[in-house]
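# Descriptive analysis of the structure
Now for the letters of each chain:
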Amino acid sequence: MFFVNMYFKNLITLATAAAYAVQTTAAENIYEIAANSDDFTTLADAIKIAGLDDELSGNGPFTVFAPSNSAFGELPAGFLTHLLDPVWKPQLQNVLLYHVTPREIRAANLTDGMTAMTIIGEDININLDPARVNNVTISTADIDADNGVIHGIDGVLTPVSVTSNVVDIIAGDDQLSTALMALGLAGLDTALLGNGPFTVFAPTNEAFDALPQALTDRLLLPENIEQLTNVLKYHVVAANADTPSLTSGDIETLNGKSVEVDISDRGITVGGANFVGPDMIAINGIIHAIDTVLIPPADGAGKPGEEETEQEDDTTEQEEEMSEQEEGMAEPEEETTEPEEESVESEEETTESEEEPTETEEESTEAEEESVESEEEPANDQNIVDIGAGDDQFSTLITALKAAGLAGTLSGEGPFTVFAPTNDAFAALPEGTVESLLQPKNVGALTDILQYHVVAGNAPSTSLTSGEIETLNGDSVNVDVSDGRVTVNGANVIIPDVIASNGVIHVIDAVLTPPFEEPAEVTELTKPEEEITESDEETSEQEEEEPAETEEESVELEEEPANDQNIVDIGAGDDQFSTLITALKAAGLAGTLSGEGPFTVFAPTNDAFAALPEGTVESLLQPKNVGALTDILQYHVVAGNAPSTSLTSGEIETLNGDSVNVDVSDGRVTVNGANVIIPDVIASNGVIHVIDAVLTPPFEEPAEVTE
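Here is a short report on the structure shown in this document. Values in this document were obtained by computation on a predicted structure and should not be read as measured data. (Residues numbered from 1 in each chain as written. Predicted model: local features only at pLDDT ≥ 70, side-chain atom pairs only at ≥ 80, totals over all residues. Heavy atoms only, no water.)

Bringing the pattern of salt bridges into the picture now. Enumeration according to the criterion identifies three salt bridges in this entry. The shortest N-O distance in the salt bridge between Glu 104 and Arg 106 comes to 3.4 Å. Of the residues examined, Glu 104 reaches a relative accessible area of 35% and is grouped as partly exposed. Classification of Arg 106 by relative accessible area gives partly exposed; the value is 25%. For Arg 106, the salt bridge is made with Asp 144, and the minimal N-O distance between the two is 2.6 Å. Placement of Arg 106 in the loop between strand E2 (100–101) and strand E3 (115–117) and of Asp 144 in strand E6 (residues 136–145) is noted, with a sequence separation of 38 residues between them. (Salt bridge = Lys/Arg side-chain N within 4 Å of Asp/Glu carboxyl O. Buried < 20%, exposed > 50% of the residue type's maximum accessible area, 1.4 Å probe, protein only. Helix = DSSP H or I, 4+ residues; strand = E, 2+ residues; numbered from the N terminus.)

For the structure shown, the criterion picks out one aromatic pair. Ring centres of Phe 201 and Phe 275 lie 6.1 Å apart, and the angle between their planes is 45°; on these two criteria the pair is classed as tilted. Of this pair, Phe 201 sits in strand E8 (residues 198–203) while Phe 275 is found in the loop between strand E13 (273–274) and strand E14 (280–282), placing the two residues 74 residues apart along the sequence. Of the two residues examined, Phe 201 and Phe 275, each falls in the buried class. (Phe/Tyr/Trp six-rings, centres within 6.5 Å; stacked < 30°, edge-to-face > 60°.)

A few words on empty space enclosed by the protein. For the structure shown, the criterion picks out 13 cavities of 30 Å³ or more. In this model, the largest cavity occupies a volume close to 90 Å³. Thr 178, Met 181, Ala 182, Phe 208, Leu 211, Thr 216, Leu 219, Leu 220, Leu 228, Val 231, Leu 232 and Val 293 are the residues that line the largest cavity. Where the lining of the largest cavity is concerned, the elements lending two or more residues are helix H9 (177–186), helix H12 (213–219) and helix H13 (225–233). Counted by class, the lining of the largest cavity contains ten nonpolar, two polar and no charged residues. (1 Å grid on protein atoms, 1.4 Å probe; cavity = no way out; pocket = protein on both sides within 12 Å on 5 of 7 lines; lining within 4 Å. Points joined across faces, edges and corners; volume = space filled by probe spheres on them. Nonpolar A, V, L, I, M, F, W, Y, C, P; charged D, E, K, R; others polar.)

Right, let's get into the nonpolar core. One finds Leu 397, Leu 401, Leu 410, Val 418, Leu 446, Leu 450 and Ile 505 to be the most contacted residues of the largest nonpolar core, which totals 32 residues. Mapped onto this core, the elements with two or more residues apiece are helix H18 (384–389), helix H19 (395–403), strand E16 (416–421), helix H20 (423–427), helix H21 (433–437), helix H22 (443–451), strand E21 (491–500) and strand E22 (503–508). At five residues, H19 tops the list of elements feeding residues into this core. Setting aside chain neighbours within four positions, we find Leu 397 in contact with Ala 420, Pro 421, Asn 423, Phe 426 and Leu 450. (Core = buried A, V, L, I, M, F, W, Y, C linked by side-chain atoms within 4.5 Å. Contact = heavy atoms within 4.5 Å.)

All right, on to the pairing of strand E28 (residues 674–683) then. Bridging between strand E27 (residues 668–671) and E28 involves two bridges; their strand directions are antiparallel. Looking at E28, one finds that Val 671 is bridged to Ala 674. The antiparallel pairing of E27 with E28 creates a hairpin that spans two residues between the two strands, and Asn 672 there sits at a positive phi of about 50°. With five bridges connecting them, E28 and strand E29 (residues 686–691) associate as antiparallel partners. By the bridge assignment for E29, Val 676 is matched with Ile 691. Connecting the antiparallel pair E28 and E29 is a turn made up of two residues. (Pairing = 2+ DSSP bridges.)

Burial runs high along strand E1 (residues 62–67): six of the six residues are buried. In E1, alternate side chains face the same way, and those of Phe 62, Val 64 and Ala 66 on one face and Thr 63, Phe 65 and Pro 67 on the other are all buried. Relative to strand E7 (residues 148–153), E1 is paired through six bridges, and the arrangement is parallel. From the neighbouring strand, Phe 65 faces E7, where its bridge partner is His 151. With two bridges joining them, E1 and E2 adopt antiparallel strand pairing. Bridge assignment links Val 64 to a residue of E2, and that residue is Val 100.

Before going further, it helps to spend a moment on a nonpolar patch on the surface. Where nonpolar side chains cluster on the molecular surface, the patch consists of Met 181, Leu 185 and Ile 225 and spans about 240 Å² of accessible area. Relative accessible area serves as the criterion here: at 33%, Ile 225 is assigned to the partly exposed category. (Patch = residues over 30% accessible without salt bridge, like charges linked within 9 Å, V, L, I, M, F, W, Y side chains within 5 Å. Areas by Shrake-Rupley, 256 points an atom, 1.4 Å probe, with all protein chains shown as cover.)

Closest axis-to-axis distance for the helix H3 (residues 41–49)/helix H6 (residues 89–97) pair is 9 Å, and the angle between their directions is 130°. In this view, H3 runs oblique relative to H6, as classed from their interaxial angle. Of the two elements, H3 crosses H6, and the hand of that crossing is left-handed. Contacts between H3 and H6 involve Leu 43, Ala 46, Ile 47 and Ile 49 from the former and Lys 89, Leu 92 and Leu 96 from the latter. A per-class count over the contact of H3 with H6 returns six nonpolar, no polar and one charged. (Axes fitted to C-alpha atoms, helices over the stretch in contact; angles between N-to-C directions. Parallel < 35°, antiparallel > 145°, perpendicular 65-115°, else oblique. Left-handed = near helix turned anticlockwise from the far one by under 90°.)

See the structure below:
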């Protein structure tokens, strides 16, 4: 200890002498001292370029471990030049502030093994004999400034940012482990090892957890690597954008789409996601942790304003072409031929025509001959999906068809008639609707909507008459032909008769919304609901008479009308299944489970539904989520009559195509871990096993994903 104290006494004496030699006036601040000293000119220049001169001229107090000019000269060749490039200003600031502590630490206060936190939040380590910081020698101590103290050092300290790229930084942060895994799967971890610059908006693990499990599972499948890569690239910008350099507006990402940055009193958001924590600086870029995974807009939905203008121009050109065709052809609008003849007819380039029902068969034949001679081969060679994929104004529709697994169907033989909404029509939907429908959990709702735009058959405009036409989803659309124009559920047919090899496309200016309720099924339930009321009254009387009724007695009461009542009747007559019955009606499955069957239903109680995360049931009951709801409910139904005596341990396939795992052991039965609390409630069309948890299906649909 004696020698340590003597060492510091000498060090302080030397420091005092050095301080007087270096300082020009006793009232100079840290930056001024560096700028006026021959030993620290490189440091002063770097501070100025980094824009830190005002900060280090401020009140402080600060302690600066100041590298000498020769210390900067020892850096690897080109490294200092690299840092002094304005592009890398955040990294330069990070390096310089790693030499600064936000408090005054004089030589006498230094102890062996002590740590001190720097302004960037990283610690530096102090050792003595000789005095060192991060093993770099302190050559001159206690140079006094009016806002702190300077200790001259003979090396440059290197923070994590100097030794780590963006992938290293992400890998070192536990809250970004899912992002790191996703980058690895997509092969982007290698790309982000490059020189950059890169700005990464990195979703936290909680952000990924907040995604629907189905979407996460689907993105992580090997066959969907391209989709995953597209999503991740939407989180990366080719720039070195720290928080101070960000401004409100759009920034283009590596996937080609732009994301909006918004800076307000509430903070900074990107694509609506909030920044979480401070900037993380890497040698090749910046990482901003965010609280939401960004979903890129569908193709064609990136810049609505530009797209709208382009599509208006396209429409104008198409109308002009149609007008020219009308003049050049033998009055094709006057035609009343059969649909078969009409499907052969096509037009120049765009394969579009406007026909009205008055033309002789002779004129029609003439028009067809002219059409065949006018190089319209692509129309007959291309199917509906080919034509849509080749026209930018249908990019959203094509994306949706692929997501719903309908692209293959509409590439088939047909014939089909498609009322095709343009990108503008999709863009006119409420904000977020398209993105929501494209999520895997909503594939049922998306499929229902798209099938509502398709009619089985070849229906050119000449064959359309006012009235209803049944679509592929089972509901009908209302066609109105009047005043020389055609509308479908009020949507205008803006381009009729785009002829394809497997049908015809009529372009419309609005997305058609199907009725989510199915009238036939609701009607079926009218009578049972009346009977339910009576049943409820009887049940209520029974409950009053026997308030202490046991579960076994309850089963006996429920099973008495089993042979007369179907599964839905029984469920509707028992208050503990009210949530299940509501869900079955919302999904349109009440009619199915009132049918002949036989069915085996693993029926969750109200308590089971209530145990789901808050808001789950309400969300599933929304019409937009009918697909997900249907999938879940069908996962509780087996085609066949399976009383408990027939159940054995193993898997049973359900109506949604996935299997549940049944375990029969120790005198009890479980289904995917849910307990069968009341077995064998017999119905006229099957059997009900009451369970104490809602079964969650695996949402992956291999056939659709592969397609």
